[in-house]
Amino acid sequence: MNKSPLRVLLLEDSPTDALLLQRQLQQVAPGHYLVETVRTLAEGQASLDRQTYDLLLVDLQLPDSTGMATLQALAPLRRAVPILVLTGNREDALILEAAHEGAEEFLIKGEFQASELHRAMRYAIAHREAEMAQRLADERLRLVSDSLPAILAYISLDYRYQMVNKAWCQWNRATPD
């Protein structure tokens, strides 16, 4: 059984860096990735309007967008498509901010091998799939618990309410959040 290649959108303004990334992926996982490269955020957004992708590889220094503004512009996608950041900037604050803005992984240009890129991409995709499965399971749990007449509350070990059902809200004259 052949799996179709994973569709990757690479936002990278340097043709040299883009070619290097594509060669690294071809070396470590021949035929596993189908990479489309765009040079600007605007081109990337246009591609995302036309096509669905399994992963975004994003350089934070594009001609029309730099730094966190690039990730913020991609924010509406972060639940559906994992984002892996590629940059030459090694500042810890930037890495943490990128994670806060939805980046799954962060690689420093010139400091990773092809196998590390492949691993990071697989991890980002697997992590996003696990998150989506968890969201679906949580939603199913909510639907089931809300359909029960019993009063239910899920409380964490530190005694914080994690979830309550409709019957609990009615009993406590509260609104679900």
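I will try to describe carefully the structure that is included in this document. (Residues numbered from 1 in each chain as written. Predicted model: local features only at pLDDT ≥ 70, side-chain atom pairs only at ≥ 80, totals over all residues. Heavy atoms only, no water.)

As for the overall build of the protein
Within the protein, the secondary structure is distributed over six helices and nine strands. Computed over its C-alpha atoms, the radius of gyration of the protein comes to 20 Å, more than 25% above the 16 Å expected for a compact globule of 177 residues. Overall, the protein is about 65 × 45 × 30 Å in size when its C-alpha atoms are taken along their principal axes. Within the span of the protein, comprising 177 residues, buried residues form 37% of the whole. Considering only contacts within the protein whose residues lie at least 6 apart along the sequence, 56% involve residues at least 24 apart. When the accessible surface of the protein is summed, it comes to about 11,000 Å², and 53% of that surface belongs to carbon and sulfur atoms. Taken as two groups, the 18 positive and 24 negative side-chain charges of the protein have centres that lie 6 Å from each other. (Helix = DSSP H or I, 4+ residues; strand = E, 2+ residues; numbered from the N terminus. Rg over C-alpha atoms; globule rule 2.2 N^0.38 Å. Buried < 20%, exposed > 50% of the residue type's maximum accessible area, 1.4 Å probe, protein only. Contact = heavy atoms within 4.5 Å. Areas by Shrake-Rupley, 256 points an atom, 1.4 Å probe, with all protein chains shown as cover. Lys, Arg positive; Asp, Glu negative; His and termini not counted. Charge placed at Lys NZ, Arg CZ, Asp CG, Glu CD.)

What to know about the pattern of salt bridges
One pass over the structure, following the stated rule, counts eight salt bridges. With a closest N to O distance of 3.3 Å, Asp17 and Lys109 form a salt bridge. Residue Asp17 is found in helix 1 (residues 15-28), and its partner Lys109 is found in the loop between strand 7 (103-108) and helix 5 (114-147); the two are separated by 92 residues along the sequence. In this structure Asp17 comes out as partly exposed when scored by relative accessible area, which is 26%. Overall, Lys109 belongs to the partly exposed group, its relative accessible area being 25%. Asp158 is paired through a salt bridge with Arg160; the nearest N and O atoms lie 3.3 Å apart. Classification of Asp158 as partly exposed rests on a relative accessible area of 46%. A relative accessible area of 55% means that Arg160 is categorised as exposed. Via salt bridges that share partners, Glu12, Asp17, Asp59 and Lys109 belong to a single interconnected network. (Salt bridge = Lys/Arg side-chain N within 4 Å of Asp/Glu carboxyl O.)

A look at the side chain of Gln24
Mapped onto the fold, Gln24 is located in helix 1. For Gln24, a relative accessible area of 12% corresponds to the buried category. Setting aside its immediate chain neighbours within four residues, Gln24 contacts Phe112, Gln113, Ala114 and Leu117.

Thoughts on the sheet that holds strand 2 (residues 33-38)
Strands sit in the order 2-1-3-6-7 across an open sheet of five strands; the sheet is parallel. The two strands at the open ends of the sheet, each matched to only one other strand, are strand 2 and strand 7. When strand polarity is set aside, the average angle formed by the axes of neighbouring strands in this sheet is 20°. Pairing geometry for strand 1 (residues 6-11) and strand 3 (residues 55-59), over four bridges, is parallel. Paired with Val8 across the two strands is Leu55, which belongs to strand 3. Most of the contacts of helix 5 go to strand 7, to which it runs at about 170°, and overall it touches strand 1, strand 2, strand 3, strand 6 (83-87) and strand 7. (Pairing = 2+ DSSP bridges. Axes fitted to C-alpha atoms, helices over the stretch in contact; angles between N-to-C directions.)

A word on the packing of aromatic side chains
The final tally for this structure, using the stated rule, is one aromatic pair. Look at Tyr161 and Trp168: their rings are 5.3 Å apart centre to centre, the planes differ by 55°, and that puts the pair in the tilted class. Residue Tyr161 is classed as exposed on the basis of its relative accessible area of 52%. (Phe/Tyr/Trp six-rings, centres within 6.5 Å; stacked < 30°, edge-to-face > 60°.)

Observations concerning the pairing of strand 1
Across six bridges, the pairing between strand 1 and strand 2 is parallel. Following the sheet pairing, Val8 is matched in strand 2 by Val35. Tracing the backbone out of strand 1, into helix 1 and back to the parallel element strand 2 gives a crossover that is right-handed. (Right-handed = clockwise from strand over helix to strand, strands pointing away.)

Side note on the environment of Ile83
Locating Ile83 in the fold gives a position in strand 6. According to the relative accessible area criterion, Ile83 is buried, its value standing at 1%. Considered as a pair, Ile83 and Gly102 are 19 residues apart in the sequence and their alpha carbons are 7.1 Å apart. What Ile83 contacts, discounting residues up to four positions off in sequence, is Leu56, Val58, Leu71, Leu74, Arg78, Gly102, Ala103, Glu104 and Glu105.

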